[in-house]
Amino acid sequence: MEVVQPRYPGTEARAGKFPGPSLIPALNAIQRRCGWLPRDELVTLSREVRRPLYEIEGLISFYPHFRTTEPKTVEVAVCHDLTCWLHGSDERIAEAKARYGDDVEVELVEVSCLGRCDIAPAAAVDERPLAFADADEAVEAARGGTHGDAHAKRGEEPRPNDPYAAGEERYRVLRRALAGDLGADAMVATLKESELRGMGGAGFPTGQKWEIVAAQEPTPKYTVCNADESEPGTFKDRQILAEQPHLVFEGMLLGMLVTGCEEGWVFIRHEYGPEEDVLRAEIEALRSEGLLGDDVLGSGRRLQVEIFTSPGGYILGEESALLECMEGHRGEPRNKPPFPGLYGLWGKPTLMNSVETFADVPIILERGAEWWKEQGVNGATGLKFFAVSGHVERPDVYCVRAGSTARDLIELAGGVTGGREVGAIQPGGASSNFLGPGQLDVPLDWKPLQEAGSMLGSGALIVMAEGTDLLAAGTNVLRFFRDESCGKCVPCRVGSAKAHAMLSELLGQGKGVEDVAGEIAQLEETLRKTSICGLGQVALGPVLSVIGMDRGGAAAREHPKDREDTET
Amino acid sequence: VAISTPAPTETRTVSLTIDGLQVTVPEGTTIWQAAKDAGIEIPVLCHDERYDPVGVCRLCVVDVGARVYAASCVRPCEDGMEVRTDTPELERNRAQLTELLLVDQPPTAEDPKETTTADNELHVLVRRYGLDQDASALPRGQGRGEDRSNPVIAVDHDACILCDRCVRACDDIQGNDVIGRSGKGYATLIAFDLNDPMGESSCVTCGECVAACPTGALTNKPINDVPIRPREELRQVESVCPYCGVGCALTFNVDDERGAIAYADGREQPGSQRRLCVKGRYGWDYTFSKQRLTTPLIRRESSYPKGPLSSDVRGDERRRRRKPGGLVDYDEVMPHFREATWEEALDLVASRLKAIHEESGPKAIAGFGSAKCTNEEAYLFQKLIRAGFGTNNVDHCTRLCHASSVAALFEGVGSGAVSTTYGDVVNADVAILAGTNTTANHPVASSFFKQARRRGTKLIVVDPRRERIADHADIYCAIKPGTDVAFYNGVMHEVIRLGLVDREFIADRTSNYDALAKLLEDYTPERTEQITGIDADTIRLVARLWGEAGAGVIYWGMGISQHTTGTDNARCLIAMCAITGHVGRPGTGLHPLRGQNNVQGASDAGLIPMFYPDYQPVDAESARNRFEAAWGRELDPERGLTVTEIVASALHGGVRGMYMMGENPFLSDPNINKVRKALSALDFLVVQDIFLTETAEFADVVLPATSALEKDGTYTNTDRRVQIGHKVLDPPGQARPDWQIVQDIANRVGLPMDYADPSEIFDELVSLMPNYTGLGYDNLGPSGKLYPNPDPEHSDGTVVLFDENFGTDDGLAHLVPAEWMPAKELPSDEYPFILNTGRLLEHWHTGSMTRRSFALDSIQPEAHVFMNPDDARAMGVADGDFVRVSSRRGTIELRARLSHRDTPGTCFIPFHFREAAANLLTIDEIDPFGKIPEFKFCAVKIERAGGTAAHEAQSAREGA
């Protein structure tokens, strides 16, 4: 007699997940009005929208953006993650605690990576990012109610992936596509031929992804641009957003045309306020040019793009956690399959690419796959953005030929600070395995890095000078993953905490790599093999790679993010 | 007879190997399920087949040849997959996961589950992998605390592994939506509401989370110090919940050393499916109360002339008890009785009733049976009154709940029983819940309604009070009190106007449609809006949903029946189903949700003045002849008096002698002041009960009876499911089963009875009740059977009635047009509020059982009047303040509880509390057909009682 609605195979229980609109906008509205989330307001909200209190609790206790206590006059957020740590954040935080610890007006909070590793150690005063060194001045101004304007940092010259000269009319490729001069099949074919791969870390072939989403039953399908890079050392997308919003939107709108989407969102981390302003201005420009709307340039196509500001948390960069967040749930990654291309936002086929991926699309479609492929060196194809940070003279975002080496980038960045030697690098963000000074000539590309025991990851090269305590650095990275674990699955939730506690104790006793217990290796295997998502799978990798280095090179093993079958 | 069976649909299959075994399964099957079906057990903690998978514990990971392992509980099988479930690598990682969970657990010797029921599923894995908490190199966490704020459920966060089973049990099974995850990462905890203490949250203590929890995180606390022990050490008795009409199957775990129940478990049964509510799971300890009656009692000579014995029941304002709460004061009442032997007491009962019968004739005798007793006892009781005393003056509390529904159903479809089950809601496209606070009064049935809604059934809730079920409604219609007829007429008007009636069904299966349609012409949406307060567009929307639904079903409660227009209300619901053809198919029909555990059975067995067993009319000669032949006595050809009529008759010396088996009309009947006079006026009253009730204060003889847990017998639930309740424990002292007492009295008044056990009585009643044909103790089985049931050996019984014919003489549904009439006592300047009465989740009827239950009394210890915060604010009343509520008939004082569920101008008082008895206020106007009182509507005024606690203030004045 039971009639069970068919579930999409592989999808999970709806426990804790409610049908109907997301409550996050309503919570944001309360917080804007009251400055925080008073209990009475939450109870009233629950009654009025007929949604359970526990759903609200699940959200407000999960997302760092939401406050359940009244805020003080000024909030100072200080980053303690790898790049800032390499720049002495521990000491600076201790000083700040001494200064502001008893200050009734100032709330000092340690936070995860703010994405400002180029000005490390970084801080934010009332959510306005700045160098830690400028924090005191900003705090004093904020006490008086004034805040400096935070502008996105933008370079002067167009980057090599930008087909538009300064002042030239943009969105040429999109106009051609809308006019019917560039067909969806042709675009997919070019992208496939170009060998463009997802730049968020997983490296799934972009053309294939677009093809899969395009092939799904029509309407509604959605497009999401993942602008939630939050891994320590990673800020290349931030710079692309600031400098090339037109390329991000053009690539995204082309993706929507190809796959048959009408609605798209840029999901951006809330720490990127200045960059979000740039995006909003660009959306206005798009509207005024008639490139967004119900019938774009008379093509009969409806294209709408909105910004979705993340309520916080690195885990939302994981594509299915991002979707859960957009649906109004706790940002806990889904068991996969199904993948977003088939079962994405609100269970509909969803095209999701990262900022850099979308930004590369216009030039590929304009100049062709061959041109793109020729840009690479050392057997790689195309161009690649890297955020270079750590112990280098000029930490910044660099767009280089794909296949360039770490040595090339370090040189571009002015060399190791103080003329020191390289102690180790992480070539692909905090989740990538450490490589030693002997591996600086490995081309920074998918396969060579994998063979070297690390990965291309999030396009973030973190340089650690000789003499850096690498086990402490690895443990710092582990702390980041522990703090950012969503807590959904056992290995990541408990394993990252236990491993961090063990390593901290060991470091506190002045011990080193040779004293690391064998349990850490078993924990690493368990996290890597049994965690639901990439966060848990990589959390202990860097630590283990440090141990491996000491024993003669990073443990060369398959890395979770290097396999192509992880995503569709 | 239609039993719904889904048409077999073609499913694609996939083939794969699991540990080298070739298996083929339907597409979408999970690896875990496919393995289990193939005889391969994969360890798991977060998964349970009752819930959709979440894949969070990761213990069920398997190797599918990919880079990482797959959680088999959620991963679907794929063609050509080669799955390994048992490699050393997998086991090594499972052991590591187990160790990660183990290190933060409470020490095994203190584990809340290992030290009680000893079935901690994590510890099974700990033993499998040979782990030792003390030997682990992993550091132990800081501890995450516990929450002991709920009286019967303990929360130990250290023992919690965040498997989310409780979350799914609370949401997906019970639909209570209380538990979720709070926090993030390692700091994540399960939390109630806004991370509130469980005991202060909106948790309804159904215990489903406890039943779901695999570890010691959520466990039962001992009740009355009876330790919770492993099931193997206890005796299991399969029985039926003694509270509401849902009739949930449960198993009592009995500690024979202590002569007590340790705890209860939900049991598999097609209806309740292992679910229980707070009353069923935690409310059984009333049976062990020290206040149980254990010997027969006879009123002392010095305590005549008769009248109430306690100051509360006297309504003595000057000696009002200083603290609210509590039950009949035994110290005050017991001295008026002396203990007697059974012989003496029974002889006295028989001789006095016989004497009255001889002096004043059969009509001077009346009996109230009980919907709490068994079918056998109901049958025997009415047989005694009818055959032993020659009168049909026998009734029970059905008069106070669904008498009007039954009247309308008999008239309309020829049967008072439900036409389909509560579980059939799953097959409905639209379900209307009319006037039913179902989450409080039929909690387990409501869980199926809520679940159906999540699976796509549209839920329309119609109720002036925004009850909890309204939070789950697709459309909630807050009609003005007493405007039900207008509302449904308006909806039907629109159904007809839109052409959404089922013409074929109307032509072939109904009569009198034209008269109905004629009357409905006046009920335009606009006019209906004026009367009901529901805007015309909503009425149109409801009409469209209902008319266009492939299958629609209506469940209703006392909000429909307990009105002077109760019968008309129910007539409208019948017409709603009949004109749209929403009856006789799966997911369609009419279901008055029955209140008492055996109100259906007691009515079936003839405990009503107009019907013999199985609704055979006492005024039909053929029926009378049949029963006269069966019982060997001449029977009264006239209908007897109903409950309310008996009370009225007693006031005027008509009824002089009464036998009360398990009823407590003093609190349950309207206008208590009138009931008090009537009970005082009786020449002889024998009360048979398990406690000394308010009614027993008026008794000449009190007979100690047994609770449902102390005897065998059958009960018929709201679905028509006849189930055997098995004896759990011996009765206390000299208390005896009700059926034996009735039999002894029958023998003393010249009606010989010689039943050895209840099954003999059951066989006799089945022989006289065509609808029960075929049923017997030997085939009811552990989960009972639905009636009618042509093949009880093999079938669960008939879910859907009326697939071809209705039960009326001509087989048609008789449509009866009903004009809307306002309630009898409308609000006025002096009495501006409309009072609604009803029940609370935790309490039952007059509270004689539930207020003696530790759990239920702890959660809801006192009476409240629920009123809208705006009204309260206007009067300067804060939550918890004492207020005085008065009607033209009486006054009570109780605390106010501010509640958004009550609309301005209305208030709600539960009727369980003797110290603030709602029925002092209610009006004894009755429905002309069902003779049911208007419990849901009378005019009252509310005033501040001064100070924070009126009773305390009052006692201070007394002292001065």
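Bear in mind the structure is a predicted one, so any value in this text is a computation, not a measurement.

The rules behind each value
- Residues numbered from 1 in each chain as written.
- Chains lettered and ligands numbered in written order.
- Predicted model: local features only at pLDDT ≥ 70, side-chain atom pairs only at ≥ 80, totals over all residues.
- Heavy atoms only, no water.
- Patch = residues over 30% accessible without salt bridge, like charges linked within 9 Å, V, L, I, M, F, W, Y side chains within 5 Å.
- Areas by Shrake-Rupley, 256 points an atom, 1.4 Å probe, with all protein chains shown as cover.
- Salt bridge = Lys/Arg side-chain N within 4 Å of Asp/Glu carboxyl O.
- Lys, Arg positive; Asp, Glu negative; His and termini not counted.
- Charge placed at Lys NZ, Arg CZ, Asp CG, Glu CD.
- Helix = DSSP H or I, 4+ residues; strand = E, 2+ residues; numbered from the N terminus.
- Buried < 20%, exposed > 50% of the residue type's maximum accessible area, 1.4 Å probe, protein only.
- Axes fitted to C-alpha atoms, helices over the stretch in contact; angles between N-to-C directions.
- Parallel < 35°, antiparallel > 145°, perpendicular 65-115°, else oblique.
- Left-handed = near helix turned anticlockwise from the far one by under 90°.
- Contact = heavy atoms within 4.5 Å.
- Nonpolar A, V, L, I, M, F, W, Y, C, P; charged D, E, K, R; others polar.
- Core = buried A, V, L, I, M, F, W, Y, C linked by side-chain atoms within 4.5 Å.
- Pairing = 2+ DSSP bridges.
- Phe/Tyr/Trp six-rings, centres within 6.5 Å; stacked < 30°, edge-to-face > 60°.
- Lys NZ or Arg CZ within 6 Å of the ring centre and 35° of its normal.

## Focus on a negative patch on the surface
Residues and elements named next belong to chain B.
Okay, so step 1: Negative charge collects at one region of the surface, where D712, D754, D757, E760, D763, D778, D791 and E793 lie side by side.
Okay, so step 2: Here E793 lies in the loop between β31 (785–786) and β32 (813–814).
Okay, so step 3: A relative accessible area of 52% means that E793 is categorised as exposed.

## A look at the packing of helix α15 (residues 484–497) of chain B against helix α21 (residues 566–580) of chain B
Residues and elements named next belong to chain B.
Okay, so step 1: Contact pair α15 / α21: the axes reach a minimum separation of 9 Å and the direction vectors enclose 15 degrees. One element, α15, and the other, α21, form an angle in the roughly parallel class. Crossing angle aside, the handedness with which α15 passes α21 is left-handed. Each of D484, V485, Y488, N489, V491, M492, V495 and I496 in α15 lies in contact with α21, whose residues at this interface are D568, N569, C572, L573, A575, M576, I579 and T580.
Okay, so step 2: In the contact of α15 with α21, the residues fall into 11 nonpolar, 3 polar and 2 charged.

## Examining the nonpolar core
Okay, so step 1: The biggest cluster of nonpolar side chains holds 197 residues, and the ones touching the most others in it are L218 and V885 of chain B.
Okay, so step 2: Top element by residues in this core is helix α10 (residues 375–389) of chain B. It accounts for 8 residues.
Okay, so step 3: Ignoring sequence-local partners within four residues, the contact set of V885 of chain B consists of V865, G890, T891, I892, L894, I909, L921, V940, K941 and I942 of chain B.
Okay, so step 4: Counting 113 residues, the second largest nonpolar core, distinct from the first, contains W265 of chain A together with C57, A70 and Y129 of chain B.

## Digging into unusual backbone geometry
All names here are of chain B.
Okay, so step 1: With an omega of -5 degrees, the peptide bond between Y304 and P305 qualifies as cis.
Okay, so step 2: Note on placement: P305 falls in the loop between β14 (297–299) and α7 (311–314).
Okay, so step 3: Between Y787 and the following residue, P788, the backbone shows a cis peptide bond with an omega angle of -10 degrees.
Okay, so step 4: Inspection of the secondary structure assignment puts P788 in the loop between β31 and β32.
Okay, so step 5: At N195, a residue that is not glycine, the phi angle is positive and equals roughly 55 degrees.

## Focus on the sheet that holds strand β7 (residues 153–156) of chain B
Residues and elements named next belong to chain B.
Okay, so step 1: Taking strand neighbours across the sheet as the criterion, the 3 strands line up as β6-β7-β10 in an open arrangement whose pairing is antiparallel. Single-partner strands in this sheet number two, and they are β6 (146–147) and β10 (218–220).
Okay, so step 2: In this structure, β7 lies alongside β10, joined through 3 bridges in antiparallel fashion. For V155, the partnering residue across the bridge sits in β10 and is L218.

## Structural notes on the packing of aromatic side chains
Okay, so step 1: Under the definition given, this model contains 30 aromatic pairs over all chains.
Okay, so step 2: Considering the side-chain rings of Y222 of chain A and W346 of chain A, the 5.7 Å spacing of their centres and the 75 degrees angle between planes classify their relative orientation as edge-to-face. Here the residue Y222 of chain A occupies a position in strand β5 (residues 222–227), and W346 of chain A occupies one in the loop between α13 (319–326) and β8 (350–354), the gap between them amounting to 124 residues.
Okay, so step 3: When the ring of F505 of chain B is compared with that of F806 of chain B, the centres are 6.3 Å apart and the planes differ by 85 degrees; the resulting orientation is edge-to-face. Taken as a pair, F505 of chain B in helix α16 (residues 503–509) and F806 of chain B in the loop between β31 and β32 lie far apart in primary sequence, 301 residues in all. Accessibility assignment for this pair places F505 of chain B and F806 of chain B in one class, buried.
Okay, so step 4: Through pairs of rings, three or more aromatic residues link up here, namely Y379, Y612, F627 and W631 of chain B.
Okay, so step 5: Positioned over the ring face of Y69 of chain B is K529 of chain A, at 4.7 Å from the centre of the ring.
Okay, so step 6: When the ring centre of F62 of chain A is taken as reference, the NZ or CZ atom of K184 of chain B above it lies at 5.3 Å.

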